[in-house]
Amino acid sequence: TVTLQSLFFADTHDEKIRAYNNDAAMAFLKQIHRILPLTGFDYLIPDWIDEFASETLRKSVNFYYKTSMPIPRSIAALISLQSEGEFKRINFKPDDFVWVLDQRETLFSITPVQGRQSRQLKKILPESHGIFWERHPTRVLETNDLFKALVQQIQAKEISISREVVRLFGWEGVFHEAGKVS
């Protein structure tokens, strides 16, 4: 079975499979280019993909489009959130972290993204609220208990959450009430 994931992000050293994937990726992008005959093409990539793993996709896109930009899904999700009215009500502060979760099959990826402040950005693009996003390394976890994995990641990052708050609300309550309590 060939999937887009196996086509574009295959982790193999088998030259026959790599050649097949390259040909299939080029044929797929050729069809996309027929439908979208643009000069530029920005596309989303999973956070768990590194530069080397996305080589087949990148080469195929660059062949058909003069300008292209791979955008990590975590960044796209946060920019989307940022453009909604809800973002103003979150009480997000510069240097706060957002944990972006993604799932593929039985694996979960957790990407910590930190918001940074820029006065110049706020002047140029007011709807950004002057916040730009800085992605930190993604962790991929194989787990059936996402909640437990989240707790482990927060503890590994040494993010301090008051023991009293955890005692009162429990970990589940802390996650559920995040952004609602101060």
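Along each chain, numbering runs from 1 in the same order as the chain's sequence is written. Totals for whole chains, interfaces and linings use every residue, but because this is a predicted model, local features are given only for residues with pLDDT of at least 70 and side-chain atom pairs only at 80 or more, for both listing and counting. Each side-chain value is worked out from all heavy atoms of the structure, with water and hydrogens disregarded.

Caption draft 1: How the structure looks around a nonpolar patch on the surface. Together, Ile35, Leu36 and Leu38 make up an exposed nonpolar region whose accessible area comes to about 290 Å². Residue Leu36 is classed as partly exposed on the basis of its relative accessible area, which comes to 35%. Patches here are clusters of residues that have more than 30% relative accessible area and form no salt bridge, with a 9 Å joining cutoff for like charges and a 5 Å cutoff for nonpolar side chains (Val, Leu, Ile, Met, Phe, Trp, Tyr). The method behind every accessible area is Shrake-Rupley, applied with a 1.4 Å probe, and residues are considered shielded solely by the protein chains displayed. Each salt bridge in this description consists of a side-chain nitrogen of Lys or Arg and a carboxyl oxygen of Asp or Glu lying within 4 Å of one another. Per-residue accessibility, obtained with a 1.4 Å probe over protein chains only, is compared with the maximum for each type, and a residue is labelled buried under 20%, exposed over 50%, and partly exposed between these values.

Caption draft 2: Focus on the packing of aromatic side chains. Between the rings of Phe, Tyr and Trp (Trp by its six-membered ring), a pair exists once the centres lie within 6.5 Å; its type follows the angle of the planes, with under 30 degrees stacked, over 60 edge-to-face, and the other angles tilted. The tally for this structure, following the rule as stated, stands at 4 aromatic pairs. Each ring, one from Phe41 and one from Tyr43, has its centre 6.1 Å from the other, and the planes form 25°; the classification is stacked. Accessibility assignment for this pair places Phe41 and Tyr43 in one class, buried. Each ring, one from Phe41 and one from Tyr65, has its centre 4.6 Å from the other, and the planes form 15°; the classification is stacked. Note that Phe41 is positioned in strand β1 (residues 40-45) and Tyr65 in the loop between α3 (55-64) and β2 (67-72), a separation of 24 residues in sequence. Starting at the N terminus, helices and strands are each numbered in turn, a helix being any DSSP run of H or I of at least four residues and a strand any DSSP run of E of at least two.

Caption draft 3: Structural context of helix α4 (residues 73-83). Taken together, the buried positions of α4 are Ser74, Ile75, Leu78 and Gln82. One face of α4 carries all of its buried residues, which in axial projection span an arc of 95°. We call two residues in contact when some of their heavy atoms are within 4.5 Å. Of the surrounding elements, those touching the buried residues of α4 are β2, α5 (86-89), β3 (97-104), β4 (107-117) and β5 (131-135). Directions drawn from the helix axis to the C-beta atoms are what define this arc.

Caption draft 4: Molecular detail of the environment of Ile110. Note that Ile110 resides in strand β4. We classify Ile110 as buried; its relative accessible area is 1%. Placed 12 residues apart in sequence, Ile110 and Val98 show a C-alpha to C-alpha distance of 10.0 Å.

Caption draft 5: Region of interest: the pattern of salt bridges. Counted under the stated rule, the structure contains 5 salt bridges. Here Asp47 and Arg135 are joined by a salt bridge, their closest N and O atoms 3.0 Å apart. One end of the pair, Asp47, is in the loop between β1 and α3; the other, Arg135, is in strand β5, with 88 residues separating them in the sequence. When the shortest N-O distance is used, the salt bridge between Asp95 and Arg116 registers 2.7 Å. Taken together, the residues span a long stretch of sequence, with Asp95 in the loop between α5 and β3 and Arg116 in strand β4 at a distance of 21 residues. Each member of the salt-bridge network shares a partner with another, and the members are Asp95, Arg116 and Glu134.

Caption draft 6: Here's a closer look at the pairing of β2. Between any two strands, pairing holds if DSSP finds at least two bridges. The pairing of β1 with β2 spans 6 bridges and is parallel. If you follow Gly40 over to β2, its bridge partner there is Thr67. As for the winding sense of the linkage, the β-α-β connection from β1 through α3 to β2 is right-handed. The crossover handedness rule: strands pointing away from the viewer, path from first strand over the helix to second strand clockwise, crossover right-handed.

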